[in-house]
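Read off the chains here:
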Amino acid sequence: MRRLLLATAVALAASGAALAHEYAAGALRIDHPWTRPTAAGAPTAAGYMEITNTGRTADRLVSASSAHAARVEIHQSSMEGGMMRMKALPQGVEIPAGGKVSLAPGGLHIMFFGPKAAVASGDRIPLTLTFAKAGKVTVQLAAESRPPAKPAAMPETHRH
Ligand SMILES: [Cu+2]
């Protein structure tokens, strides 16, 4: 498993979205998918959202794709020995029955490699999520300039 190192502090989730938007796929609800504005030529970008399973059986986010990027992966960031590390989750993420999974800065996220264009605040980026049971759903990530939780923290539009 590939491990990626971030020599920066973790950016904790900034809550309080200005404009909520949500999507449904079967028993799943996807709340407020968002990303940060990125400059042209940025090597990576990240996507965040909350996924709620209102059903009685677990589902799994197995993959994601987007016309906006050359490659999209499901990633997990965590602090290890004071360093932020990221790894790809090839098995995806389970969405437990009756549960909620947050993709947020410093934790689970959707990773875009090779974004094909600059993204400005207010733009919408398409992302197709594939779930084991609920199937495919295309959501629009809202580009928002959310400040990191700590002034020195770097957002997950990180370099690898
Ligand atoms: Cu990542």
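Notes on the structure in this doc start here. The structure presented is a predicted model; accordingly, all values stated were derived computationally and were not measured.

Secondary structure assignment for the protein chain yields zero helices and twelve strands. Starting at the N terminus, the α and β elements of the protein chain follow one another as β-β-β-β-β-β-β-β-β-β-β-β. Within the protein chain, the proportion of its 160 residues that are buried is 47%. Considering only contacts within the protein chain whose residues lie at least 6 apart along the sequence, 73% involve residues at least 24 apart. Carbon and sulfur atoms provide 56% of the accessible area of the protein chain, an area that totals close to 7,600 Å².

Bringing the environment of H75 into the picture now. Looking at the secondary structure, you find H75 in strand β6 (residues 69-80). On a C-alpha basis, the gap between H75 and A46 in space is 9.2 Å, while along the polypeptide they are 29 residues apart. Polar side-chain contacts of H75 include one of 2.7 Å to the side chain of E73.

Turning to the nonpolar core, a few remarks are in order. Side chains that are nonpolar tend, in soluble globular proteins, to be buried together. Residues I30, M49, I110, L127, L129 and F131 are the most contacted members of the largest nonpolar core, which totals 29 residues. If near-sequence neighbours (up to four positions away) are discounted, F131 is found in contact with L28, I30, I51, D59, R60, L61, V62, I95 and V137.

Reading guide: rules and limits
Residues numbered from 1 in each chain as written. Predicted model: local features only at pLDDT ≥ 70, side-chain atom pairs only at ≥ 80, totals over all residues. Heavy atoms only, no water. Helix = DSSP H or I, 4+ residues; strand = E, 2+ residues; numbered from the N terminus. Buried < 20%, exposed > 50% of the residue type's maximum accessible area, 1.4 Å probe, protein only. Contact = heavy atoms within 4.5 Å. Areas by Shrake-Rupley, 256 points an atom, 1.4 Å probe, with all protein chains shown as cover. Polar contact = N/O pair within 3.5 Å; in protein donor to acceptor, adjacent residues only side chain to side chain. Core = buried A, V, L, I, M, F, W, Y, C linked by side-chain atoms within 4.5 Å.

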